[in-house]
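# Structural overview
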Amino acid sequence: MIQNIDGKQVRDMFVSGANNLKNHKDLVDKLNVFPVPDGDTGTNMSLTISCAIKELNKVEQDDIGQLGKALSKGSLMGARGNSGVILSQIIRGIAKSIEGKEILNSMDIAEALKNGSDTAYKAVIKPVEGTILTVVRESSDYALKAAALEEDVIEFMKLLVKEANNSLDRTPELLHALKEAGVVDSGGKGLVLVYEGMLKSLEGQFVESQEIQTTETTSVQVENRLSTEDIKFQYCTEFILETDKISDLKMRDIMIKYGDSLVVVGDDGIIKVHVHTNTPGTVLQEALAYGQLLTIKIENMKLQHENKVIKDAQEDKEVSEQAAVSEEPKEFGFIATSMGQGLAKIFKDFGVDHIIEGGQTMNPSTEDFMNAIEKMNAHNIIILPNNSNIIMAANQAKDLSDKNIIVIPTKNVSQAFAALVNFDADLTIEENEANMVEALSTVKSGQVTYAVRNTVINDVEVKEGNIIGLGEGKLLSAGDNIDEITTNLIESLVDEDSAIITLFYGEDIKEEQAEALRESLEEKFEDIDIELYYGGQPIYYYLVSVE
């Protein structure tokens, strides 16, 4: 019987819980309401808690209060996405509750969890039940009752884990979208995995990280002579395929025609593929014919190289950069998140000063925003998150900064461009904020991508590999033809007041293909202006806005 735990046990519990989440982040990513290739809750929560553990490892002494502060600081700065921000707030509340204590009993843990729940709820403007918030609230409320009856910390944690799982199982009953998709809440599942890892640590079954880590790193300085022209295949594409339809050898034979640097390994129904290609979308579509994709990662190597060259040049000008900061600050500065060279260029044309590369599948952290804010030399800084899953991290950075920050809650680039059009440098920051926020309601937005699993949503039957159209947060259509689905999506967004349709085509769409679609739309919508721009975004064939 264990009635109390000390600092060493607290440390081990958090590390074990973090490892358990990281080891199962792909599972959490798959618990996505929409069958689109952008499930990232597990990744966001894993990255968030990894930052917490990184900060924890800097604390040499097993002082419970100091451990809590380190966990709070690390998770706060590393928070990514809504789920990551909420997890950071839970950890923050727990840390505050255990401050000043040398040992913890069951009631101490229960009260800490309750404070974590309360802190998380306060951080969310409009809490939604059937999410991680529900799981942390219901499990912490139960924990207070259980702690009053059970002094054994291990038995208490068993009761907590059981109730957390029960709460997770109930989430589809509270959120219709989960029930319709046939999944439980992904954020809640992530939290349960942390709890389960903590329990295993107390039971003497500490969860080790299954991530591949190098034990030794070597720093080598090289002269950067490679030109982007030397990069024959632009996109580093990696994915893990779950399949019983094809062997790794046959998959290698299929993939070899798409590029170079091909690596294909397989084991027990799982095939991991790495390839450098110019058509990542086609590669993923090919793979989907044989199973479901568990993970996806696409990186633009030309852009990475250009950024490396720019970074090297900037480091050489460090003195002049510091001198520039001391110059007179301008009145307004802008920070925006974006994925795709085309979209980044449009933001620059609008006068955005700093672009954080990120979006769906790659959410910037609170620290990313803090770093961008630190570089800005302006009296007023306006942030455009451009993704509903990034707004909380932006607001958290705003709260941490002592600069005057305004976060315009843009959920997509279409809203961001509408907000920027309504900015007027002659107005006050308060007037601009009001005008920019008001502009968000004047634009309807949609996205065209592909499905990664079979499902039925809004009475629309979706098959894995289908092209799907999403409009105003709803799945509207599914089929096999990109142009057809895009046209159907636009039809559902257009009304009698619509004047402009804007399309941003992604990295997997050729210019002539996009131009042909524009001509088709101009014939169909004769009284509406059709604008077409290169966005270069991954995953989404088209981003659509209707004003």
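Now for a quick tour of the structure. Treat the numbers as computed from the prediction; the structure is a model and nothing was measured.

### Observations concerning the sheet that holds strand 12 (residues 467–471)
- Read from one edge of the open sheet, six strands run 13-12-9-16-14-15, paired in mixed fashion. Single-partner strands in this sheet number two, and they are strand 13 (474–479) and strand 15 (529–534). Across this sheet, the average inter-strand angle for adjacent strands is 20°, counted without regard to direction.
- Here five bridges tie strand 9 (residues 444–450) to strand 12, and the two strands are oriented antiparallel to one another. Along strand 12, the bridge assignment pairs Y450 with I467.
- Against the sheet, helix 15 (residues 341–349) engages strand 14 (500–505), strand 15 and strand 16 (542–546), with an angle of about 110° to strand 15.
- Helix-sheet contacts for helix 21 (residues 511–524) involve strand 14, strand 15 and strand 16, and the interaxial angle to strand 15 is about 170°.

### Topic: the packing of helix 5 (residues 81–98) against helix 6 (residues 106–123)
- At a minimum axis separation of 7 Å, helix 5 and helix 6 run at an interaxial angle of 135°. Here helix 5 is positioned oblique relative to helix 6, judged by the angle of their axes. Pair helix 5 / helix 6 crosses with right-handed handedness. Packed against helix 5, whose contacting residues are I86, Q89, I90, R92, G93, I94, K96, S97 and I98, the element helix 6 presents E111, A112, L113, N115, G116, T119, A120 and A123 at the interface.

### Examining the sheet that holds strand 6 (residues 354–357)
- The strand order across the open sheet formed by four strands is 6-5-7-8, and the pairing between neighbours is parallel. Only two strands of the sheet have a single partner each, and these edge strands are strand 6 and strand 8 (404–407). Each adjacent strand pair in this sheet contributes to an overall mean axis angle of 20°, direction not counted.
- Direction of pairing for strand 5 (residues 330–338) relative to strand 7 (residues 378–384): parallel, over a ladder of six bridges. Within strand 7, the residue paired with F332 across the bridge is N380.

### With respect to the side chain of Q89
- Checked against the element boundaries, Q89 lands in helix 5.
- Side-chain polar atoms of Q89 contact the side chain of Q396, separated by 2.6 Å.

### A word on the nonpolar core
- Core analysis: the largest hydrophobic core is formed by 74 residues, its most contacted members being M157, Y195 and I383.
- Apart from residues lying up to four places away in sequence, I383 is in contact with I335, F369, I373, A394, I405, I406, V407 and I408.
- With 63 residues, the next largest nonpolar core counts V413, L420, L440 and Y450 among its residues.

### Considering the pattern of salt bridges
- Inspection of every chain in the model, using the stated rule, returns 22 salt bridges.
- A salt bridge links K58 to E55, with the nearest nitrogen and oxygen atoms 3.4 Å apart.
- K58 sits in the exposed class, given a relative accessible area of 55%.
- K114 is paired through a salt bridge with D118; the nearest N and O atoms lie 3.6 Å apart. In this pair, K114 and D118 both sit in helix 6, four residues apart, roughly one turn of the helix.
- The network of salt bridges with shared partners includes E55, K58 and K73.

Cut-offs and rules
Residues numbered from 1 in each chain as written. Predicted model: local features only at pLDDT ≥ 70, side-chain atom pairs only at ≥ 80, totals over all residues. Heavy atoms only, no water. Pairing = 2+ DSSP bridges. Helix = DSSP H or I, 4+ residues; strand = E, 2+ residues; numbered from the N terminus. Axes fitted to C-alpha atoms, helices over the stretch in contact; angles between N-to-C directions. Contact = heavy atoms within 4.5 Å. Parallel < 35°, antiparallel > 145°, perpendicular 65-115°, else oblique. Left-handed = near helix turned anticlockwise from the far one by under 90°. Polar contact = N/O pair within 3.5 Å; in protein donor to acceptor, adjacent residues only side chain to side chain. Core = buried A, V, L, I, M, F, W, Y, C linked by side-chain atoms within 4.5 Å. Buried < 20%, exposed > 50% of the residue type's maximum accessible area, 1.4 Å probe, protein only. Salt bridge = Lys/Arg side-chain N within 4 Å of Asp/Glu carboxyl O.

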